[in-house]
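Below are the chains, spelled out letter by letter.
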Amino acid sequence: MLDERGLTPKKSLGQNFLVDHNLLRKLVDDAGVGPGDTVLEIGPGAGVLTRELLERGARVVAVELDAGLADLLRETIDSDRFTLIEGDAFAGGALSPDALDALGDATWSLVANLPYGVASPLIVDLLVRRPACRSLHVTIQREVAERLTASPNTREYGSLGVLAQSLASAELITLAGPRCFWPPPTVTSAMVSLRRLDEPLTDRPQAFEGFVRRVFMKRRKQLGGILGRGVAASAGIDPTRRPESLEIGELVRLMASADSA
Ligand code: SAM
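Throughout what follows, the structure given in this document is the object of discussion. As the structure is a prediction and not an experimental result, all values here were calculated from the model.

## A word on the site of the ligand
Surrounding the ligand, one finds 21 residues, the nearest of these being Q15, G43, E64, D88 and N113. The contact in question runs from a nitrogen atom of the ligand to an N or O atom on the backbone of G43, over 2.7 Å. Between N113 and the ligand, the recorded distance is 2.8 Å, taken from a side-chain N or O atom to an oxygen atom. Surface burial for the ligand is 97%, taken as the share of its 600 Å² of free accessible area covered by protein chains. When residues of the shell around the ligand are traced back to their parent elements, those giving at least two are strand 1 (17-18) and strand 3 (59-64).

## A few points about the environment of A102
Tracing the sequence through the fold places A102 in helix 4 (residues 97-103). Separated by 37 residues in sequence, A102 and L65 place their C-alpha atoms 16 Å apart.

## Observations regarding unusual backbone geometry
With an omega dihedral of -15°, the bond running from W182 to P183 counts as a cis peptide bond. Looking at the element boundaries, P183 is found in the loop between strand 8 (181-182) and strand 9 (189-196). Phi is positive for N153, which is not a glycine, with a value near 65°. When its relative accessible area of 59% is taken as the criterion, N153 is described as exposed.

## Here's the deal with the pairing of strand 4 (residues 82-86)
Summarising the sheet, strand 3 and strand 4 pair through five bridges and their orientation is parallel. Across the sheet, residue V63 finds its bridge partner in strand 4, namely I85. Tracing the backbone out of strand 3, into helix 3 (residues 67-76) and back to the parallel element strand 4 gives a crossover that is right-handed.

## Remarks on the sheet that holds strand 5 (residues 108-113)
Read from one edge to the other, the open sheet built from seven strands follows the order 4-3-2-5-6-9-7, with strand pairing classed as mixed. Taken across any chain shown, the strands that pair with only one partner, and hence form the sheet edges, are strand 4 and strand 7 (168-176). When strand polarity is set aside, the average angle formed by the axes of neighbouring strands in this sheet is 15°. Packing of helix 1 (residues 21-31) onto the sheet brings it into contact with strand 5, strand 6 (133-141), strand 7 and strand 9, and relative to strand 7 it is tilted by some 165°. In the packing of helix 7 (residues 159-167) onto the sheet, the strands contacted are strand 7 and strand 9, and the crossing angle to strand 7 comes to about 120°.

## Some thoughts on the pairing of strand 2 (residues 38-42)
Looking down a regular strand, the side chains alternate between one sheet face and the other. With five of five residues buried, strand 2 lies mostly within the body of the structure. Both faces of strand 2 are covered, namely the face carrying T38, L40 and I42 and the face carrying V39 and E41. For the crossover that starts at strand 2, traverses helix 2 (residues 48-55) and ends in the parallel strand 3, the hand is right-handed. Relative to strand 5, strand 2 is paired through two bridges, and the arrangement is parallel. By the bridge assignment, L40 is partnered in strand 5 with L110.

## As for the packing of aromatic side chains
Inspection of every chain in the model, using the stated rule, returns two aromatic pairs. Ring centres of F17 and W182 lie 6.4 Å apart, and the angle between their planes is 25°; this geometry places the pair in the stacked category. Of this pair, F17 sits in strand 1 while W182 sits in strand 8, and the two are 165 residues apart along the sequence. Note on F17: relative accessible area 15%, which makes it buried.

About the cut-offs
- Residues numbered from 1 in each chain as written.
- Predicted model: local features only at pLDDT ≥ 70, side-chain atom pairs only at ≥ 80, totals over all residues.
- Heavy atoms only, no water.
- Near = heavy atom within 4 Å.
- Polar contact = N/O pair within 3.5 Å; in protein donor to acceptor, adjacent residues only side chain to side chain.
- Areas by Shrake-Rupley, 256 points an atom, 1.4 Å probe, with all protein chains shown as cover.
- Helix = DSSP H or I, 4+ residues; strand = E, 2+ residues; numbered from the N terminus.
- Buried < 20%, exposed > 50% of the residue type's maximum accessible area, 1.4 Å probe, protein only.
- Pairing = 2+ DSSP bridges.
- Right-handed = clockwise from strand over helix to strand, strands pointing away.
- Axes fitted to C-alpha atoms, helices over the stretch in contact; angles between N-to-C directions.
- Contact = heavy atoms within 4.5 Å.
- Phe/Tyr/Trp six-rings, centres within 6.5 Å; stacked < 30°, edge-to-face > 60°.

Structure representation (structure tokens):
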């Protein structure tokens, strides 16, 4: 399809197209997409995943930055459940207002083989600032998947995993080697799901985001040195502990204690 239109994959836009249909179905199965559901797809590319989502009966809002691919999608996908927005899905560090308009008032899920350049900030934005987004099912770089699902006292544990797991349950669906994509990327990929928790661990996600980032900038320092011994002690936490050892609930308590100090 790309050849016919004289298009070649652009590395700068993370254009590694998913060509393994079993994997693609696995992602859509995991999302449990069915008739009546609304799905946001970022970076539909040539529309392989988009078609699968439409076949399952979903309404799909897709945002594609590449003008050549957007033309291809307009020419090849004919469905009244499909809305294409041509443009940057994440300009200025927030989800495109055009996409939000098209999604409307309904709750929705993100199902996407994400451009790896925007994956982490986009995931945080949707979880922290877009409560209508109930779940995310995405293909991302393996390292990002490991950070999203990390436990305390591991190298991967940091602000990304803490924020994600304070609001959602994060699970690895499967790894995806370079040959599942065309052209093959230099890194291994992974499919991950993030399902919003009915009872999030924080009810102030935006404040928690700022707090967690601040604390993890000094992940190897003692808490007493970062927040003060009194803040740690009044949260019932040993001030000699380091951020990388803290459970999410402990970080939530520390923020409350820092606020009232
Ligand atoms: N969904 C297709 C698939 O699975 O084969 C393509 C996925 S490819 C990894 C990423 C797609 O995102 C490309 O089509 C690329 O042009 C598009 N893209 C990259 N940056 C984007 C952005 N900021 N906003 C919207 N689309 C973007």
